[in-house]
Amino acid sequence: MLVSTFRNHFNKELSEIYPATEIDSFFFLLIEEELGLQRIDLALTTQLTISEEKFKYLYNALSRLKAQEPIQYILRKTEFYGLQFNVTKDTLIPRPETEELVDWILTENKQLHASKKINILDIGTGTGCIAISLAKNLPNANVTAIDISKEALLIAKENALANNNVGITFIEADVLALKSLPSKFDIIVSNPPYVRELEKKEIKPNVLENEPHLALFVDDNNPLLFYKKIAELAKNHLTTNGKLFFEINQYLGKETLAMLNEVGYTTELRKDIFGNDRMIKSTC
Ligand SMILES: C[S@@+](CC[C@H](N)C(=O)[O-])C[C@H]1O[C@@H](n2cnc3c(N)ncnc32)[C@H](O)[C@@H]1O
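Basis of the calculations
- Residues numbered from 1 in each chain as written.
- Predicted model: local features only at pLDDT ≥ 70, side-chain atom pairs only at ≥ 80, totals over all residues.
- Heavy atoms only, no water.
- Helix = DSSP H or I, 4+ residues; strand = E, 2+ residues; numbered from the N terminus.
- Buried < 20%, exposed > 50% of the residue type's maximum accessible area, 1.4 Å probe, protein only.
- Contact = heavy atoms within 4.5 Å.
- Expected span 1.5 Å × (residues − 1).
- Polar contact = N/O pair within 3.5 Å; in protein donor to acceptor, adjacent residues only side chain to side chain.
- Pairing = 2+ DSSP bridges.
- Salt bridge = Lys/Arg side-chain N within 4 Å of Asp/Glu carboxyl O.

(A) Inspection of the environment of Leu106 at higher detail. Relative to the elements of secondary structure, Leu106 occurs in helix α6 (residues 96–109). For Leu106, a relative accessible area of 3% puts it in the buried group. Spatially, the C-alpha atoms of Leu106 and Arg95 are 17 Å apart, while their sequence positions differ by 11 residues. Setting aside residues up to four positions removed in sequence, Leu106 forms contacts with Tyr81, Ser133, Leu134, Asn137 and Leu138.

Have a look at this one:
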């Protein structure tokens, strides 16, 4: 089959679900991944053909897109902070808001810790996107990352060593059950589950039906449980001048600040590029 014939079919099948620019972007991502073709290759010749095997892959990708599966799961990878990450259904797809959190941490600490050895802990690491981006940009840091999900940790390990060539200590643990942390840290960071069940109706079906609920949801009656537990653990495990960074639920900025102040932290809240309350830095 001609690539151009498949493209027409692809556009037609997806036109009622996605905007044209997004369909284009899906198409080029898929043909680059599977056929090694760039946009320019298609512009130069209209006679490119697809083998039966490649056609099967593209057709399967098309039906998954029709079912609104995120393109990152179809490609099994994504980019975060300029780095390559594998993703599976056991890992949350890293979000741009989280890149903003990483950027805040790096802006504050890159110069300060350019030569000094520091210890960093990432709680609820998922793909390892926060831990790995920090390790990559702070070569003197010892980075430890915790997650409850064995499956997510397998992906995070691939992302650290095979994809990004950084050494991270990964620990499988339920943070809610921990009585202490493995050592003292200069930076503790977490993007824990924070979406309340009552917010489910705002979540797009492609997220709800595909991304791991373990990574997303918390009980309506206790939405700050991860924040409170981590804040209490961090209280005894931050070095002098140590900092605790959180990504937060945009609707719970005030409540999260109040809880952190009550535990004894001085706090700074920042908004994301969309103007939503999104991250907090806490110091003792
Ligand atoms: C919102 S995701 C964040 C993933 C990644 N850090 C990111 O920013 O994309 C939350 C992560 O916390 C993990 N998690 C959920 N409950 C946990 C628990 N009790 N202890 C440790 N990790 C937990 C999930 O498996 C998931 O990887």
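(B) Representation of α6. An ideal rise of 1.5 Å per residue puts 20 Å on 14 residues; α6 measures up with 20 Å between its terminal C-alpha atoms. Against the buried residues of α6 lie β1 (77–80), α7 (129–137), β6 (185–190), β9 (238–247), β10 (266–271) and β11 (277–283).

(C) Focus on the side chain of Asp277. Relative to the helices and strands, Asp277 resides in strand β11. Side chain to side chain, Asp277 and Lys271 meet in a polar contact 2.8 Å long.

(D) Here's a closer look at the pairing of β1. Side-chain alternation along β1 places Thr78 and Phe80 on a buried face and Lys77 and Glu79 on a face that remains uncovered. One ladder, built from four bridges, connects β1 with strand β2 (residues 83–86); its direction is antiparallel. Looking at β2, one finds that Glu79 is bridged to Gln84. Remark: two residues form the turn of the hairpin made by β1 and β2, two consecutive strands paired antiparallel; Tyr81 in that turn has positive phi of roughly 50 degrees.

(E) Molecular detail of the pattern of salt bridges. Counted according to the given criterion, the structure contains 17 salt bridges. The partner of Lys200 in a salt bridge is Glu197, with the nearest N and O atoms 3.0 Å apart. Notably, a salt bridge pairs Asp272 with Arg278, separated by 3.0 Å at the nearest N-O pair. Overall, Asp272 belongs to the buried group, its relative accessible area being 5%. For Arg278, a relative accessible area of 4% translates into the label buried.

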